[in-house]
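Breakdown of the fold
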Amino acid sequence: MHPLANKFQELFASAPDIIASAPGRVNLIGEHVDFLDGFVLPFALSDVTTVAIAKNSIGKIRTSSVQRKGAISIVDCAALTPKSGEAWTRYPIGVIWSLGIDSGLDILIDGQVPLGAGLSSSAALECAVATALNELFDLGLSLSDLARAAQRAENIYVGMPCGIMDQSVSLMATEGNALLLDTKDLSIEQIPFDIAPLGLELLVIDTQVHHALVDGGYAERRASCEKAIADLNINSLRDISVADFVARKSELDEKTYLRAFHGITEMKRVLDAVTLLKAGDFVGFGEIVTAAHISLRDNYTVSCPELNLAVDTALKFGALGSRMIGGGFGGSAIALIKAKDSDLIKSEVKSAFMKERFKSPRFFSALPSAGARIID
Ligand code: GLA
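Residues numbered from 1 in each chain as written. Predicted model: local features only at pLDDT ≥ 70, side-chain atom pairs only at ≥ 80, totals over all residues. Heavy atoms only, no water.

1. What to know about the pattern of salt bridges
Within this structure, the stated rule accounts for 18 salt bridges. Residue Arg221 pairs with Glu220 through a salt bridge whose shortest N-O separation is 3.7 Å. Its relative accessible area of 9% is what places Arg221 among the buried residues. The shortest N-O distance in the salt bridge between Glu220 and Arg259 comes to 3.1 Å. Here Glu220, found in helix H6 (residues 217-232), pairs with Arg259, found in helix H8 (residues 254-278); they are 39 residues apart in sequence, far enough to count as distant. Residues joined in a network through salt bridges with shared partners are Glu220, Arg221, Lys255 and Arg259. (Salt bridge = Lys/Arg side-chain N within 4 Å of Asp/Glu carboxyl O. Buried < 20%, exposed > 50% of the residue type's maximum accessible area, 1.4 Å probe, protein only. Helix = DSSP H or I, 4+ residues; strand = E, 2+ residues; numbered from the N terminus.)

2. Let's talk about the side chain of Gln208
Position of Gln208 relative to the elements: it lies in the loop between strand E9 (200-206) and H6. With sequence-adjacent residues up to four places away left out, Gln208 is seen in contact with Gly331, Lys359, Ser360, Pro361 and Arg362. (Contact = heavy atoms within 4.5 Å.)

3. A short note on the packing of H8 against helix H9 (residues 282-298)
Across the interface, H8 lies against H9 with an axial gap of 9 Å and an inter-helix angle of 165 degrees. It follows that H8 is roughly antiparallel to H9 by the angle criterion. Relative to H9, the crossing made by H8 is left-handed. On H9, the residues that touch His262, Thr265, Glu266, Arg269, Asp272, Ala273, Leu276 and Leu277 of H8 are Phe282, Gly284, Phe285, Ile288, Ala291, Ala292, Ser295 and Leu296. Class assignment of the residues belonging to the contact of H8 with H9 gives a composition of nine nonpolar, four polar and three charged. (Axes fitted to C-alpha atoms, helices over the stretch in contact; angles between N-to-C directions. Parallel < 35°, antiparallel > 145°, perpendicular 65-115°, else oblique. Left-handed = near helix turned anticlockwise from the far one by under 90°. Nonpolar A, V, L, I, M, F, W, Y, C, P; charged D, E, K, R; others polar.)

4. A closer look at the site of the ligand
Lining the immediate surroundings of the ligand are Arg25, Glu31, His32, Asp34, Phe35, Cys162, Gly163, Met165, Asp166, Tyr218, Gly326 and Gly327. Backbone polar atom of His32 to an oxygen atom of the ligand: 2.6 Å apart, as the coordinates give it. At 3.3 Å from an oxygen atom of the ligand is found a main-chain nitrogen or oxygen belonging to Gly327. Contact with the protein chains hides 97% of the accessible area of the ligand, taken as 300 Å² for the molecule alone. In the shell around the ligand, the residues fall into four nonpolar, four polar and four charged. (Near = heavy atom within 4 Å. Polar contact = N/O pair within 3.5 Å; in protein donor to acceptor, adjacent residues only side chain to side chain. Areas by Shrake-Rupley, 256 points an atom, 1.4 Å probe, with all protein chains shown as cover.)

5. So, H6
Here H6 contains 16 residues, and its C-alpha end-to-end distance of 23 Å stays within 8% of the 22 Å for a straight helix at 1.5 Å per residue. For H6, the secondary structure elements touched by its buried residues are helix H7 (242-247) and H8. Count one or two residues on from H6 and you reach Asn233, which has phi positive near 55 degrees. (Expected span 1.5 Å × (residues − 1).)

6. Focus: the nonpolar core
Core analysis: the largest hydrophobic core is formed by 84 residues, its most contacted members being Ile53, Leu133 and Leu237. Here this core takes eight residues from helix H3 (residues 121-136), the largest share from any one element. Once residues within four sequence positions are removed from consideration, Leu133 is found in contact with Ile53, Val95, Ile96, Leu99, Ile101, Leu105, Asp138 and Leu139. Grouped together as the second largest cluster of nonpolar side chains are 33 residues, Ile191, Phe193, Ile195 and Val204 included. (Core = buried A, V, L, I, M, F, W, Y, C linked by side-chain atoms within 4.5 Å.)

Right, here's the structure in full:
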């Protein structure tokens, strides 16, 4: 029996009907463009969130988590309205709401994706639940349908206006590949990212600065990009070239201009990065990754001192490219490094953090892994 099934049995005195899991992600490039019809290039981590679920006949959703020592949070399933339920339960309940399921359910979560580290623990949870419910209720939904349902849960039920990248990669990723996703229509191309044989490693540096994206900085920047679209009277930032955009600078206020400039140039960087990856040019690829960081730091202004220090130190000690990932304001950075430099870079980042009296960072090496799956 799956270990989570045992725990479920102890907690709810019955066996789960289904167990499913879904991964967190890193994003190689394409940051803050997944709500602007942009391209993104994330890959799934091997860290997953697993959920065990069973239908119940008491008309209630009972949610529990191994990480919360099995405390049970209960809501009435007839009365689901956005933002109801304890904050941490809104991700799974939001998916139930978004899929229009009105049965009572028992849910036990085992989350192994670090929380608040910019690695999409929330999408992992949403997508594990969506995958389980799709099977349990025989909904027949495609991966794109599930991604949109999970995004709707987060946008409306949780209240975080995220794009569609995290949910898509958590559902659609395949082992060994990064996912080139066109967020306009959710079309995908799997891009091989097999760097170990080349002596390379993708190092994740978790700054341990915990962000709360529901807080407003994310939404405010998204709103700036939408303002640019309205002020320029265009359909999408994707429809305007960098040159045309720069030529219309005077039509926008400075903040709006800089934020939209990030979006437009970032979309171009993703496609350039994919071309370089396909040509096996990891030096050129690394340079674009670093250029993305500079734009996130200076134009989009979502970095923070800890992320900048991690990136600068990794680059100083030999990284081919490095940048903050995810929503920003904390969380993680990635560095594309030569595997032989791994120990040196980790210890230099660690001592640079100590010198600044920052919290001690955590490190791990990321490999492109598979997306959501039914386990049992
Ligand atoms: C968060 C959001 C994503 C995306 C990234 C930034 O992870 O959930 O939709 O916008 O930030 O690229």
